[in-house]
Amino acid sequence: PSLELFWTQLNLYFGFSSYMTAMKCMPIFVLGLAGLFFLKPKLRRMQVMILVLVAIHLFYLFSIEAEGHCQYGPRYLIPLIPFAMIGVSAWFESTTQKIVMFAALAWSVVVNFVGASGSSMYCANLIEFPLWVYWRDRTHWLGVHRPLEPVILVGTIVAVTYWIYVRKVLAKSLYAKS
């Protein structure tokens, strides 16, 4: 592993110029990782454990030459997503933070929905952000060439509806106890 490889991989996964950077493909992930540093003090032991796990994974990732070309998004970061989502909870202190997190989540969902409905392999143009390529090719959407798109769309609608319902039920039960 060299320092040059480290900086190349860091820019590839977390910079702004790469076609598959986490900043473009899943900003909710990046905000979640940042949120890990702002967790409540009572979660300090868990925070340290998660940050060590993230650091080990990133050290490995930035030390290998494989970049995972021909992919839609930074697939080598997928194992870190559950840990980053714990950090998302740190960003719900103010209305502004909630709006930013919702926007990041919405962008992440749109980008990954288009990618999942298009293809997991993106080899055509490794410079251009794949969202725009797939978006231009949307003439074949809704199941013609992408048979999983309707399933993904219905699953997303069901999941969001269930999430809204659970939040309302939890809110009512929490306020009822007060």
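Note that the coordinates shown come from a computational prediction; the quantities given were computed from them, not determined experimentally.

1. Looking at the side chain of Ser-108
And then number 1: Positionally, Ser-108 belongs in helix H6 (residues 95-118).
And then number 2: On the basis of relative accessibility, which here comes to 5%, the residue Ser-108 falls in the buried class.
And then number 3: Only 2.8 Å separates the side chain of Ser-108 from the backbone oxygen of Ala-104, close enough to count as a polar contact.
And then number 4: The contact partners of Ser-108, leaving out residues within four places of it in the chain, are Cys-25, Met-26, Pro-27 and Ile-28.

2. Focus on helix H5 (residues 81-88)
And then number 1: Residues Ala-84, Gly-87 and Val-88 constitute the buried set of H5. Along H5, the residues classed as buried sweep out an arc of 115° about the axis, all on the same side.

3. Observations concerning the packing of aromatic side chains
And then number 1: Counting across every chain of the model gives 5 aromatic pairs.
And then number 2: Taking 5.3 Å as the distance between ring centres and 85° as the angle between the ring planes, the aromatic pair formed by Phe-6 and Phe-62 counts as edge-to-face. Taken together, the residues Phe-6 in helix H1 (residues 3-14) and Phe-62 in helix H4 (residues 44-63) connect sequence positions 56 residues apart.
And then number 3: Owing to a relative accessible area of 29%, Phe-6 belongs among the partly exposed residues under this scheme.
And then number 4: Residue classification places Phe-62 among the buried positions, given a relative accessible area of 5%.

About the criteria used
- Residues numbered from 1 in each chain as written.
- Predicted model: local features only at pLDDT ≥ 70, side-chain atom pairs only at ≥ 80, totals over all residues.
- Heavy atoms only, no water.
- Helix = DSSP H or I, 4+ residues; strand = E, 2+ residues; numbered from the N terminus.
- Buried < 20%, exposed > 50% of the residue type's maximum accessible area, 1.4 Å probe, protein only.
- Polar contact = N/O pair within 3.5 Å; in protein donor to acceptor, adjacent residues only side chain to side chain.
- Contact = heavy atoms within 4.5 Å.
- Arc of directions from axis to C-beta.
- Phe/Tyr/Trp six-rings, centres within 6.5 Å; stacked < 30°, edge-to-face > 60°.

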